[in-house]
Amino acid sequence: MFSYLVVAIGGALGTVGRFWLSGAIAQKFGETFPAGTLLVNISGSLIIGFFAALTGPDGRIWSSPSFRQFFMIGVLGGYTTFSSFSLQTLALNAIGSFVLCLFAVWLGDYFAVLLNQP
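Here is a short report on the structure shown in this document. (Residues numbered from 1 in each chain as written. Predicted model: local features only at pLDDT ≥ 70, side-chain atom pairs only at ≥ 80, totals over all residues. Heavy atoms only, no water.)

**Quick word on the packing of helix α1 (residues 2-29) against helix α3 (residues 65-79)**
At a minimum axis distance of 6 Å, the contact between α1 and α3 shows a crossing angle of 35°. Classified by chirality, the crossing of α3 by α1 is right-handed. Among the residues forming the contact of α1 with α3, the class breakdown is 10 nonpolar, 10 polar and 1 charged. (Axes fitted to C-alpha atoms, helices over the stretch in contact; angles between N-to-C directions. Helix = DSSP H or I, 4+ residues; strand = E, 2+ residues; numbered from the N terminus. Left-handed = near helix turned anticlockwise from the far one by under 90°. Nonpolar A, V, L, I, M, F, W, Y, C, P; charged D, E, K, R; others polar.)

**Topic: the side chain of Ser43**
Structurally, Ser43 is set in helix α2 (residues 35-55). Residue Ser43 is classed as buried on the basis of its relative accessible area of 18%. Reaching out from Ser43, the side chain makes a polar contact with the backbone oxygen of Leu39 at a distance of 2.9 Å. (Buried < 20%, exposed > 50% of the residue type's maximum accessible area, 1.4 Å probe, protein only. Polar contact = N/O pair within 3.5 Å; in protein donor to acceptor, adjacent residues only side chain to side chain.)

Written out as structure tokens, the structure reads:
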């Protein structure tokens, strides 16, 4: 139960961070291009890669499993799920994941458009 609480608290912090940063970027540069979302995704991917390597089994810094869950799953998962995707694709087929997810979004959109028709 403690792990769920740790992840939930981290997720809340990460979500607030994403909301603040993407909003600040949108306010400064406009909302025509989602620059805030792009910056969040890139920075989250950079941070999770750095933290995972630094605190992993071969890393220089020891971290408890609870803190890794709090930070990697909670904070960074709330900040951007793209960071988790990026880390996991180091071991998975990135092209397959991208193509299948893009197809799934297209399919969902297609079905919704059908349902929206009179």
